[in-house]
Amino acid sequence: MSKKIPIRKFSFRIIVFSVIVAGLALLFQWIWPQLATPALPFIVLFFFVMTLLTMYIVLRGDTGRDGRKFVSSYMLSRTVKLLSCLLFLLLYMFLNREDAIRFAIAFMVIYFLYAVFEIIVLKKENEKTDADL
């Protein structure tokens, strides 16, 4: 029997994580305003929404014994997220060329933070699911 992973728990974790990242982003903007892109809060908001969406895609169904379904959902979510990120990044860099480098660096750092967050959360939940079986 497969076990459903609660999306509410992930939503709460993503909210807490995003508040922490937003706080660090605001602190960075306050300490080093010349190095920070003015779009930093929007980058955090973008990744919050994208992570929530991709986690929903991955976790909406049952997990557990049906590993192929999980892998397919995970790969679909990664593809959607990657293409959305590329579109968002290129569009902003095209429209705001003077801020392109600072934006790209901030974007990649926050992308990495959210990717690590997703991996850790999914790994922990997968270990709990395996222990319950």
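See above for the structure.
Residues numbered from 1 in each chain as written. Predicted model: local features only at pLDDT ≥ 70, side-chain atom pairs only at ≥ 80, totals over all residues. Heavy atoms only, no water.

1. Quick notes on the packing of aromatic side chains
- This model, assessed by the stated rule, comprises 13 aromatic pairs.
- When the centroid spacing of 5.3 Å and the interplanar angle of 80 degrees are considered together, the rings of Phe46 and Phe47 count as edge-to-face.
- By relative accessible area, Phe46 is classed as buried at 14%.
- For Phe47, a relative accessible area of 0% gives the class buried.
- Members of the aromatic cluster, connected to one another through ring pairs, are Phe17, Phe46, Phe47, Phe88, Tyr92, Phe103, Phe107, Tyr111, Tyr114 and Phe117.
- When the ring centre of Phe10 is taken as origin, the NZ or CZ atom of Arg13, which lies over that ring, is 5.8 Å away. (Phe/Tyr/Trp six-rings, centres within 6.5 Å; stacked < 30°, edge-to-face > 60°. Buried < 20%, exposed > 50% of the residue type's maximum accessible area, 1.4 Å probe, protein only. Lys NZ or Arg CZ within 6 Å of the ring centre and 35° of its normal.)

2. Thoughts on the environment of Ser73
- If you trace the backbone, Ser73 turns up in helix H3 (residues 67-95).
- For Ser73, a relative accessible area of 13% gives the class buried.
- For the pair Ser73 and Ile57, spaced 16 residues apart in sequence, the C-alpha separation works out to 6.3 Å.
- Not counting chain neighbours up to four residues away, the residues in contact with Ser73 comprise Ile57 and Val58. (Helix = DSSP H or I, 4+ residues; strand = E, 2+ residues; numbered from the N terminus. Contact = heavy atoms within 4.5 Å.)

3. A few points about the nonpolar core
- Counting residues in hydrophobic clusters, the biggest one holds 28 residues, and the most contacted among them are Ile43, Phe47 and Phe107.
- Contributions of two or more residues to this core are made by helix H1 (7-31), helix H2 (40-59), H3 and helix H4 (100-132).
- For Phe47, the residues in contact, after removing those within four places along its chain, are Lys81, Cys85, Phe107, Ile110, Tyr111 and Tyr114. (Core = buried A, V, L, I, M, F, W, Y, C linked by side-chain atoms within 4.5 Å.)

Read these as geometric descriptors, not functional statements.
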